[in-house]
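# Observations on chain architecture
In case you want the letters, here they are:
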Amino acid sequence: MDDVLQLKNVSKTFGEVSALHDVNFHVGKNEVVGLLGDNGAGKSTLVKIITGYYRPDAGGEMYWKGKKVDHLSVPMARDLGIEVVYQERALADQQTLWRNIFLGREISNGWGLLDIKGMRTETKKLMSTVMGFTSSAVTPESTVGTFSGGERQGVAITRALYFEAELIILDEPTMGLSLSETKKCLDFVAGIKAAGKSCIFIDHNIFHVYPVVDRIVVLDRGTIAGQYMKNELTLDELLDRLYRVAQTGNLEQNNSQPGEMKNGENK
Amino acid sequence: MNATLEAKPLSPVAKGNPFSRFFRRWALQIALTIVAILIWGFFLWRAPTTFKSYNIYNSLMLTTPFFALMAIPLTLVIIIKEIDLSFPSVMAWGVAAYELVYTPTHNVWLGFIACLLAGLVAGLLNGMIIVKLGIPSLIATIGTQYLWRGVVMISTNGQGSGMVEVKNTLLYPLLTGQLFQKIPMEFIWVLILGLIAWFFLNKHKFGAHVYLSGDNADSARLMGVNVDRTKIIAFCLVGLVAAFAGFMVSESLLFFWPTMGDGYLLNTLASVFLGGTSVFGGTGTIYGTVIGAFVIAIIQPGIVASGWLAYWTQLIYGFIIVVSVALQAVLRRRFI
């Protein structure tokens, strides 16, 4: 098994509501997994379990590179190398660019004193190398609330990249982006693959997901409705199945078992 | 990774010039400083005899600290997007705790430590109720405001007590003495506390987390900031400083009134809001709060010395709070 991440029988209930039910999910090394599903399918819940924000219900197990992980917390997940790029809201609007880049992971000494100069210099470097901010109007001291949607997503993505994550999770990164910005964002996903990292790419938009992923996992109403290697089916076939699952809860026409593996775990 | 995102110039003001950038960034602080100078100049013009003598400044430095001190940690709480209304009662509760310890032990220092601890406990209680039970701080601290006042009334039987004993200890010159026979120690403490708070807010991880928690608590949590702990610490600081300020007030009068603290709520809050700390959270400065406190403080003597009725002060305080909060709402819409 060459999985970076593996979830076994993970469930999550909020009071009466079952958000995830017995989910088995894995991400291989250097694999880009597209996670598809309607609103409320449980995508975000699954992500938040992987990042340690939610605790799964008792009985679920999580493995990181083959080792069992218990009581995962957000800082622990980050230490493991799991990095999330959330939708826009991941930025603190009234704070400066450098404070956002180092949000929650400020460079500081043992006494908690910030290395402000160091963080500014790093931010400046990242701005010209990764983010491509060339205008002199934007400095590490600029407030991110004044940025456009694409610029903000760029900040969030740069943040993930800077901290050298092993597994980068993109939670609807193309939402609210213009066409050219979306293209850049997808380039970034391809870049993750090229850099030898793994990625979970979550999106509503199948047209964004399909070109850049290796495998597609479809979530429906808290369970895995099916998963496909990309080379097994065309975009049109996938579209048909997604419409079907939205209406009937089944991916296959012949009403086969939902959650049935189309491909073995032959990654 | 050759993905580049086009950056458009944000606004003409922000372009290039480091001077205009500096001005833009500190616009609120600069504006406040100008307003302070204008108000002072106005009173200097209306009541020259009063405002040309040193006495008025000495008395301002003596009395302003009683609420300026509390306004400093309160700034942190408001940056975090919470509020604390209980500190006037905590002032009295701190000194009541002092009395409770001093009466049997006759040890002033022990009493002083009890006073600070009592403030800390009151702050901790606020923080726990708000963070762990998720009760809005506005409601929770109205509750604890009555709670602590009640505790004080019961423990003192509603009666004041003398504090002459403090006079024989180092605490007396340290808290209420005069530096070089000219500058009240109360004022020095505002500077000390202001500097400490400024340092932690701007140069320390704690301060970074204060701003982030107030700006976007969700994202701060998602990125691993312990928002709850940051909030609790901020409330603890308000409690601690309120007790300290309470002790200072009683010590300067050498008498403790169980009703002490009433009347400090409005001007403390006004100092913070006038100082440019946003009620929407995420922004605010210690510099603004300290200047704000002195603007608030100068208004009452200024009005009286200019020959108007003192009744105008409340109206002006209220006006200041409403205008500065409204201004923040407008600025917020403009820039975000």
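Here, the structure is the one placed above.
Residues numbered from 1 in each chain as written. Chains lettered and ligands numbered in written order. Predicted model: local features only at pLDDT ≥ 70, side-chain atom pairs only at ≥ 80, totals over all residues.

A tally of helices and strands in chain A yields eight helices and 10 strands. Excluding contacts between residues fewer than 6 apart, the proportion of contacts in chain A whose partners are at least 24 apart in sequence is 69%. (Helix = DSSP H or I, 4+ residues; strand = E, 2+ residues; numbered from the N terminus. Contact = placed C-beta atoms within 7 Å.)

For the rest of this paragraph, the subject is the pairing of strand β2 (residues 17-28) of chain A. Residues and elements named next belong to chain A. Sheet analysis places strand β1 (residues 3-14) next to β2, joined by eight bridges and oriented antiparallel. Bridge pairing in β2 places Phe 14 opposite Val 17. Counting the residues in the hairpin turn of β1 and β2 gives two residues, including Gly 15, whose phi is positive at 60 degrees. (Pairing = 2+ DSSP bridges.)

To continue, consider the sheet that holds strand β7 (residues 167-171) of chain A. All names here are of chain A. If you trace the six strands from one edge of the open sheet to the other, you get β6-β7-β8-β3-β9-β10, paired in mixed fashion. At either margin of the open sheet sits one strand with a lone partner, and together these are β6 (82-85) and β10 (223-229). Within the sheet, the average angular offset between the axes of one strand and its neighbour, ignoring direction, is 20 degrees. Of the pairings in the sheet, the one linking strand β3 (residues 32-36) to strand β8 (residues 198-202) comprises four bridges and is parallel in character. By the bridge assignment for β8, Val 32 is matched with Cys 199. Along the sheet face, helix α1 (residues 43-50) touches β3, β6, β7, β8 and β9 (215-220) and points at about 150 degrees away from the line of β7. (Axes fitted to C-alpha atoms, helices over the stretch in contact; angles between N-to-C directions.)

Another aspect to go through is helix α5 (residues 65-79) of chain B. All names here are of chain B. For α5, spanning 15 residues, the distance from its first C-alpha to its last is 21 Å, which sits close to the expected 21 Å at 1.5 Å a residue. At Ile 72, α5 shows its maximal kink, close to 30 degrees; a proline, Pro 73, follows between one and four residues later. Of all 15 residues in α5, 15 are buried; the element is thus mostly enclosed. Trailing α5 by a residue or two, Lys 81 shows a phi angle of about 80 degrees, which is positive. (Expected span 1.5 Å × (residues − 1). Bend = angle between axes of the 7 residues up to and from the residue. Buried ≥ 20, exposed ≤ 12 C-beta atoms within 10 Å, placed from the backbone.)

Further remarks concern helix α11 (residues 205-215) of chain B. In terms of burial, α11(B) is a largely internal element, 10 of the 11 residues being buried. Those residues of α11(B) not exposed but buried are Lys205(B), Gly207(B), Ala208(B), His209(B), Val210(B), Tyr211(B), Leu212(B), Ser213(B), Gly214(B) and Asp215(B). Next to the buried residues of α11(B) lie α3 (97-101) of chain A together with α5, α10 (185-203), α12 (217-222) and α13 (227-253) of chain B.

Let us look at the packing of helix α6 (residues 87-105) of chain B against α13(B). All names here are of chain B. Contact pair α6 / α13: the axes reach a minimum separation of 7 Å and the direction vectors enclose 65 degrees. In terms of crossing hand, the pair formed by α6 and α13 is right-handed. Residue-level contacts link Phe 87, Val 90, Met 91, Ala 92, Gly 94, Val 95 and Tyr 98 of α6 to Val 238, Gly 239, Ala 242, Ala 243, Ala 245, Gly 246, Phe 247, Val 249 and Ser 250 of α13. In terms of residue class, the contact of α6 with α13 is built from 12 nonpolar, four polar and no charged. (Left-handed = near helix turned anticlockwise from the far one by under 90°. Nonpolar A, V, L, I, M, F, W, Y, C, P; charged D, E, K, R; others polar.)

Another point: the sheet that holds β1(A). All names here are of chain A. Ordered by their spatial adjacency, four strands build an open sheet running β2-β1-β4-β5, and the pairing between neighbours is antiparallel. The open sheet has two edge strands with one neighbour each: β2 and β5 (67-68). Contacting β1 and β2, α1 crosses the sheet at an angle of about 60 degrees to β2.

In this section: unusual backbone geometry. Leave glycine aside and you will find that most residues have negative phi; peptide bonds, for their part, are mostly trans. The backbone of Asn9(A) shows a phi angle near 50 degrees, a positive value even though the residue is not glycine. Note that Asn9(A) resides in strand β1. For Asn9(A), a count of 13 C-beta atoms within 10 Å puts it in the partly exposed group. Positive phi, close to 55 degrees, is recorded for His106(B), a residue that is not glycine. Turning to its location among the elements, His106(B) is positioned in the loop between α6 and α7 (108-132). Taking the C-beta count within 10 Å as the criterion, His106(B) has 10 such neighbours and is therefore assigned exposed.

This next bit is on the nonpolar core. One finds Ile169(A), Phe201(A), Leu69(B), Met70(B), Val238(B), Val241(B) and Ala245(B) to be the most contacted residues of the largest nonpolar core, which totals 167 residues. Sort the elements by how many residues they give to this core and α13(B) lands first, with 14 residues. When sequence neighbours within four positions are dropped, the list of residues in contact with Val241(B) reads Leu69(B), Met70(B), Ile72(B), Pro73(B) and Leu193(B). (Core = buried A, V, L, I, M, F, W, Y, C linked by C-beta atoms within 7 Å.)

Looking now at the packing of α6(B) against helix α8 (residues 137-156) of chain B. Residues and elements named next belong to chain B. For the pair α6 and α8, the least separation of the axes is 8 Å and the interaxial angle reads 30 degrees. Classified by the angle between their axes, α6 and α8 sit roughly parallel to one another. Taken as a pair, α6 and α8 cross one another with a handedness that is left-handed. In this structure, α6 contributes Pro 88, Ser 89, Val 90, Ala 92, Trp 93, Ala 96, Glu 99 and Leu 100 to the contact, and α8 contributes Gln 145, Trp 148, Arg 149, Val 151, Val 152, Ser 155 and Thr 156. Per-class residue counts for the contact of α6 with α8 are nine nonpolar, four polar and two charged. (Parallel < 35°, antiparallel > 145°, perpendicular 65-115°, else oblique.)

A word on the environment of Glu181(A). Residues and elements named next belong to chain A. Secondary-structure assignment places Glu 181 in helix α6 (residues 179-194). Judged by the 21 C-beta atoms lying within 10 Å of it, Glu 181 is buried. Once the C-alpha coordinates of Glu 181 and Glu 151 are considered, the two residues, 30 residues apart in sequence, prove to be 8.7 Å apart.

Bringing the pairing of β10(A) into the picture now. Residues and elements named next belong to chain A. The buried fraction of β10 amounts to six of the seven residues, a majority that puts the element mostly inside the structure. By the bridge criterion, six bridges tie β9 to β10 in an arrangement that is antiparallel. Looking at β10, one finds that Asp 220 is bridged to Thr 223. Between β9 and β10, which pair antiparallel and follow one another directly, the connecting turn spans two residues, one of which, Arg 221, has a positive phi of 45 degrees.

Take it as geometry only, folks, not as evidence of what the structure does.
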